[in-house]
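# Per-entry structural report
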Amino acid sequence: MKRLSGRAIFALAVGVLTIATGALAQRASDSEAAKARPSFAHLTVGPRSLGFGVARAIKTKFIRIRNTGDIDADVIVVAPSAPFSVTAGGGSYPLAPRQEQTISVQFAPTTAGRVTQQMAIQCANCNTIADQNVTIHLAGNARGPVATPSGTVPTPTPTPGGTTSNALPFSVTAVPFQEADQGLASITVCATGTSNCAVIDDVLVDTGSTGLRIFGSQLTGLGIAPNTNGSFAIGECAFFGSGSTWGAVSTVDVQIAGEPTITIPIQVIDDINAFPHAPTDCTQGTQLMASPDAAGFNGLLGLGQVSNDQPNLFTDYFDCLGSDCMTNQSPSPSDIVLNPVSSFPFDNNGVVVSLPSISANGEQATDGTIYFGIGTRSDNQPGSVKVYRQDSNPNSNNFLGINTTFGGKTAGAFFDTGSNGLFFNGNITQCSDSSGFFCPASTLSESATNQSVGTSVSGVVNFTVANADSLFNSNNAAFDNLGGSFDGGTTFDGFDWGLPFFFGRTVFIGIDGTSSSLGAGPYTAY
Amino acid sequence: MNIGSIGSRKLALAGVLAGCFMLGLAMQALAGLGADATSIESDAVAMQGKMAQSATRQPEPSASYNVKTFVTSKGVTVREYAAPSGAIFGVAWQGRRPPDLSVLLGSYYPEYVSASALKRHKDLHHAVIAGPNAVVIMAGHMGHLVGRAYVPGLVPSGLDPRAVVK
């Protein structure tokens, strides 16, 4: 009877709300139209250096370029001279929006010795000076002349970069999801042990969650099936600040940057009704992320600082049969969604997030890099950084957090590339659209002090908060001064150092249970 | 045809409404936001939770409110805020996952569901969902989630729900 009355009220409310919804949707689309961005071209290029090592035969390595703008990019590949050459993807050509091109670079030494050169990938009509002329550094060594390797001609792998690079480029751009401060990368997913692969673009780089999650609509046709436990299919629900993801757990082959292919369980977020409906135990009444458009990404590359996604704590696992799913509190270790970084054979103790400084007015598109590993290669060596130890007690409310003092109050805080602003409760005017972003009349200069947990390290972070409406009304998508309320309160109760924090910094993020020259994880150092 | 079908739907809705109204009177069926403070324990039961302390707060001479706290079986701490009249005007939570909002938001759950679909700025780790009557704010990274919801129209005068409900 109780349920009946609830449903009746639901029916009434839906009836009333349909009218209001129509009006609001109209207003929202009007405002989107008013903010249409001018067209632009932007190239994401990686890797920017190719090391051929000591060549005993002719070697080929690959550079991947991608147009992350919304008009054709006019690409000019300026080839190197012998012993390097471009064997595919060279010359001048237009690259359509969202399209990728692999450029094959060959090293065919004719004498002994080390040789270095540069080549360039230019984009005549790109929107930033940085991507109008990207220099690629080439280096190789030889003990003498080499011949074409016997056997098959090397073909490009679908891996971004296609080398043994640990560098994953990502782009902060409003294309295609029209969102600000989202770092989007490309990775490759294959049905295990096959060449049925798809490059998944626009995957959100997220240090605030753990595990790879891809919408099922991006994986159709690959032949990826849910993992099974006897006759049950494994389902999973993961909880985020804005809602939940639901779908099957599937073990797949994953290629990220030039790291060796890993075979790991991921979550296939079910946006195509290929899996039983989410049980109510999963949703907890929160909203499921329904589609890439609704979520603002095609998938999540969760690089958070634990080795898996913590069944029963951070996530719930289910055994599904037919259309019914029941909770499984003891999923098999082979079905638990893993941190991809922890799964690398090397470079597995953390990540380095690097983003350039940007103008106070923001940028249309800005490229950053995730380097896998800390202190494992020449490109991920920590220089002089302060190490902020994070709470390593899984039972603590501040697990994986540091402490931050703002306005005389101290609370837990975390670093999160997947948050699109600096979020904290402060006495700053919020925007009138109820979005929770800050809209001060003029840009504010603020500061907060970060403190390590368990050590005396601390440091002041100076930041600015601009009017979010003005930022959103500009043509830009990357901002280092976008801020908002953390949870709608008037009292400081936590700091989410979102993507704006990372501009102009190189941040070392160590995984719990690992160590590096910076000590034992979890820590964040910059 | 169309007019007829709308008319008959209205009638059906009126009938359902009348039934619902009577049921409501008989059972105090609704819990969560907007319900009476006496229903908080049933919210705790619905989430297999345990009641913790109960307190009356008097932040200003002009207004007071009651807070009841319980912890759900999933370890989420939930606080419900009731006006002197008994009406629950706010709920707040903290835990590794969200609490069951279909219980906590009570009769405001449907408007939250509708308003969720209109959310403009997408962010993985934050959501502000302002419906016609209730405001729901959620935030946090995986494993540490917080949120609060309140009905401005039910907040006792003199209280700022943004300061109180937390």
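Predicted model only: the values in this text are computed from it and were never measured.

### Quick look at the packing of aromatic side chains
Each aromatic ring pair is characterised by the separation of its centres together with the angle its planes make. Residues and elements named next belong to chain A. The full count for this structure, using the stated rule, is 30 aromatic pairs over all chains. A ring pair is formed by F415 and Y526, whose centres lie 5.9 Å apart and whose planes are at 65°; its orientation type is edge-to-face. You can see F415 sitting in strand β25 (residues 409-415) and its partner Y526 sitting in the segment after β34 (523-525), a full 111 residues away along the chain. Of the aromatic side chains, those joined through ring pairs into one cluster are Y388, F406, F415, F424, F438, F463, F492, F495, W497, F501, F502 and Y526. Taking NZ or CZ as reference, R505 lies 4.1 Å from the ring centre of F501, over its face.

### Points about the sheet that holds strand β5 (residues 84-88) of chain A
For sheets, the rule is that strands pair by backbone hydrogen bonds, running either parallel or antiparallel. Residue and element names in this part refer to chain A. Taken together, the 4 strands give an open sheet; going across it, the order is β1-β3-β7-β5, and neighbouring strands pair in antiparallel fashion. Whereas interior strands pair on both sides, the edge strands pair on one side only; in this sheet they are β1 (43-46) and β5. Each adjacent strand pair in this sheet contributes to an overall mean axis angle of 30°, direction not counted. Relative to strand β7 (residues 100-107), β5 runs antiparallel, the two sharing 4 bridges. When the bridges of β7 are listed, A88 appears paired with S104.

### Considerations on the confidence of the model for chain B
All names here are of chain B. When the pLDDT values of chain B are averaged, the result is 79; 74% of them are 70 or greater. When pLDDT is averaged over each helix and strand of chain B, the minimum, 40, is found for helix α1 (residues 2-27) and the maximum, 96, for strand β4 (residues 88-95). Within the model, the stretch residues 1-29 combines pLDDT values under 50 with 16 contacts to residues more than four positions away or in other chains. Among the prediction metrics, the complex's ipTM stands at 0.78, with pTM recorded as 0.76.

### Observations concerning the pairing of strand β24 (residues 402-406) of chain A
Along a regular strand, successive side chains alternate from one face of the sheet to the other. Residues and elements named next belong to chain A. The alternating pattern of β24 places I402, T404 and F406 on a buried face and N403 and T405 on a face that is not buried. Relative to β25, β24 is paired through 5 bridges, and the arrangement is antiparallel. Each residue of the ladder has a partner; that of I402, found in β25, is A413. Following β24, the chain reverses through 2 residues before pairing antiparallel with β25; G407 in that reversal takes a positive phi of roughly 55°. Bridge analysis of β24 against strand β27 (residues 444-451) gives 3 bridges, and the strand direction is antiparallel.

### Looking at the environment of Q267(A)
All names here are of chain A. If you trace the backbone, Q267 turns up in strand β17 (residues 262-269). Owing to a relative accessible area of 0%, Q267 belongs among the buried residues under this scheme. Note: C-alpha distance between Q267 and N397 (130 residues apart in sequence) is 26 Å. Once you skip the residues sitting within four places of it in the chain, Q267 turns out to touch L212, R213, I214, E236, C237, A238, T245, W246, G247, A248 and V337. Polar side-chain contacts of Q267 include one of 2.7 Å to the side chain of T245.

### Comments concerning the state of the cysteines
Residue and element names in this part refer to chain A. In the structure shown here, the tally under the stated rule is 5 disulfides over all chains. Linked covalently through their sulfurs, C123 and C126 form a disulfide whose S-S length is 2.0 Å. Here C123 and C126 share a disulfide; its torsion about the S-S bond, 85°, makes the bridge right-handed. As far as burial versus exposure is concerned, C123 and C126 are alike and both buried. Between the sulfur atoms of C237 and its disulfide partner C282 the distance amounts to 2.1 Å. What sets the handedness of the C237 and C282 disulfide is the S-S torsion sign, and at about 70° it is right-handed. One end of the pair, C237, is in strand β15 (residues 232-240); the other, C282, is in helix α3 (residues 280-283), and 45 residues separate them in sequence. The same class applies to C237 as to C282, namely buried. Disulfide connectivity for chain A, with bonded cysteines indexed by sequence position, reads 1-2, 3-4, 5-6, 7-8, 9-10.

Quick notes on the rules
- Residues numbered from 1 in each chain as written.
- Chains lettered and ligands numbered in written order.
- Predicted model: local features only at pLDDT ≥ 70, side-chain atom pairs only at ≥ 80, totals over all residues.
- Heavy atoms only, no water.
- Phe/Tyr/Trp six-rings, centres within 6.5 Å; stacked < 30°, edge-to-face > 60°.
- Helix = DSSP H or I, 4+ residues; strand = E, 2+ residues; numbered from the N terminus.
- Lys NZ or Arg CZ within 6 Å of the ring centre and 35° of its normal.
- Pairing = 2+ DSSP bridges.
- Axes fitted to C-alpha atoms, helices over the stretch in contact; angles between N-to-C directions.
- pLDDT = per-residue confidence, 0-100.
- Contact = heavy atoms within 4.5 Å.
- Buried < 20%, exposed > 50% of the residue type's maximum accessible area, 1.4 Å probe, protein only.
- Polar contact = N/O pair within 3.5 Å; in protein donor to acceptor, adjacent residues only side chain to side chain.
- Disulfide = S-S within 2.5 Å.

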